[in-house]
Each structure stands twice: as C-alpha cells, then as structure tokens.
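What follows is the residue order along each chain.
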Amino acid sequence: MFKAGDRVRIVSCEDDPRAAGKTGRILDDVPPGPLTEGRWTVDRISIWIAPVLCHTNELRPA
C-alpha cells in the first residue's frame, strides 16, 4: 500500500504510456476509491507529463 509522498517507479501506465519506466510521487492521502476507479494519482514524473492515474499493479516502490 502506498501513501502520499512515496516515490514510485511506473512499470506501465494505461492512462499515459509515456510515463512507463519513469519515477514519480504519490499524491493521494487516502487509498484510491471509486472516483479514480481504484487508481493512484502519480505526479512529478516529467515536465512534459501531467499527473497520471495508475493501478497498484502498475507501480513499484522506488
């Protein structure tokens, strides 16, 4: 389980495939729910990539 501020490596990302292989930080203070369809919000990936939504299985601790 992740928490806000955790650095993660994006293994794959259905929301934006360009984010795969990059690292970012979790923004969510609470576990994902129905609003995000169970996906985590990941930010600080790249200047060219906006925050993305990723499923837990698409993320690894960095």
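Residues numbered from 1 in each chain as written. Predicted model: local features only at pLDDT ≥ 70, side-chain atom pairs only at ≥ 80, totals over all residues. Heavy atoms only, no water.

Asks: I keep staring at the pattern of salt bridges and nothing clicks. Help me out?
Replies: One side chain can pair with another of opposite charge once the charged atoms of both are near each other. Per the counting criterion, the structure on display carries three salt bridges. Put simply, D6 and K3 hold a salt bridge, and the shortest N to O gap is 3.9 Å. Relative accessible area serves as the criterion here: at 22%, D6 is assigned to the partly exposed category. For K3, a relative accessible area of 56% translates into the label exposed. A salt bridge links E37 to R39, with the shortest nitrogen-to-oxygen separation between them at 3.7 Å. (Salt bridge = Lys/Arg side-chain N within 4 Å of Asp/Glu carboxyl O. Buried < 20%, exposed > 50% of the residue type's maximum accessible area, 1.4 Å probe, protein only.)

Asks: I would appreciate a short explanation of the sheet that holds strand β3 (residues 40-43) in the present structure.
Replies: The pairing of strands in a sheet happens through backbone hydrogen bonds and is either parallel or antiparallel. Overall, antiparallel pairing links the five strands, which are arranged β4-β3-β2-β1-β5 in an open sheet. On the outer flanks of this sheet lie β4 (52-54) and β5 (59-61), each paired with one strand and no other. Along the sheet, successive strands turn relative to each other by an average axial angle of 45 degrees, direction set aside. Of the strand pairs in this sheet, strand β1 (residues 7-10) and strand β2 (residues 23-26) are connected by three bridges, and their pairing is antiparallel. Across the sheet, residue V8 finds its bridge partner in β2, namely G24. (Pairing = 2+ DSSP bridges. Helix = DSSP H or I, 4+ residues; strand = E, 2+ residues; numbered from the N terminus. Axes fitted to C-alpha atoms, helices over the stretch in contact; angles between N-to-C directions.)

Asks: Just to check I follow, could you spell out the nonpolar core for this structure?
Replies: In terms of nonpolar packing, the biggest core is built from 13 residues, with I10, I26, V42, I45, V52, C54 and L59 touching the most fellow members. Among the elements of the structure, β1, β3 and β4 are those that each provide at least two residues to this core. With near-sequence residues (within four places) excluded, V42 lies in contact with V8, I10, G24, R25, I26, P51, V52, C54 and L59. (Core = buried A, V, L, I, M, F, W, Y, C linked by side-chain atoms within 4.5 Å. Contact = heavy atoms within 4.5 Å.)

Asks: When you look at the pairing of β1 in this model, what are you seeing that I'm missing?
Replies: The side chains of a regular strand alternate, residue by residue, between the two faces of the sheet. Of the two faces of β1, only the one carrying V8 and I10 is buried; R7 and R9 on the other face are not. Two strands pair when backbone bridges link them, and β1 and β5 are joined in this way by three bridges, in the antiparallel orientation. Each bridged residue has a counterpart across the sheet, and for R9 the counterpart in β5 is R60.

Asks: Would you mind showing me how to read the side chain of D16 here?
Replies: Topologically, D16 is positioned in the loop between β1 and β2. Taking the relative accessible area as the measure of exposure, D16 reaches 14% and is therefore buried. A distance of 2.9 Å separates polar atoms of two side chains, one belonging to D16 and the other to R18. (Polar contact = N/O pair within 3.5 Å; in protein donor to acceptor, adjacent residues only side chain to side chain.)

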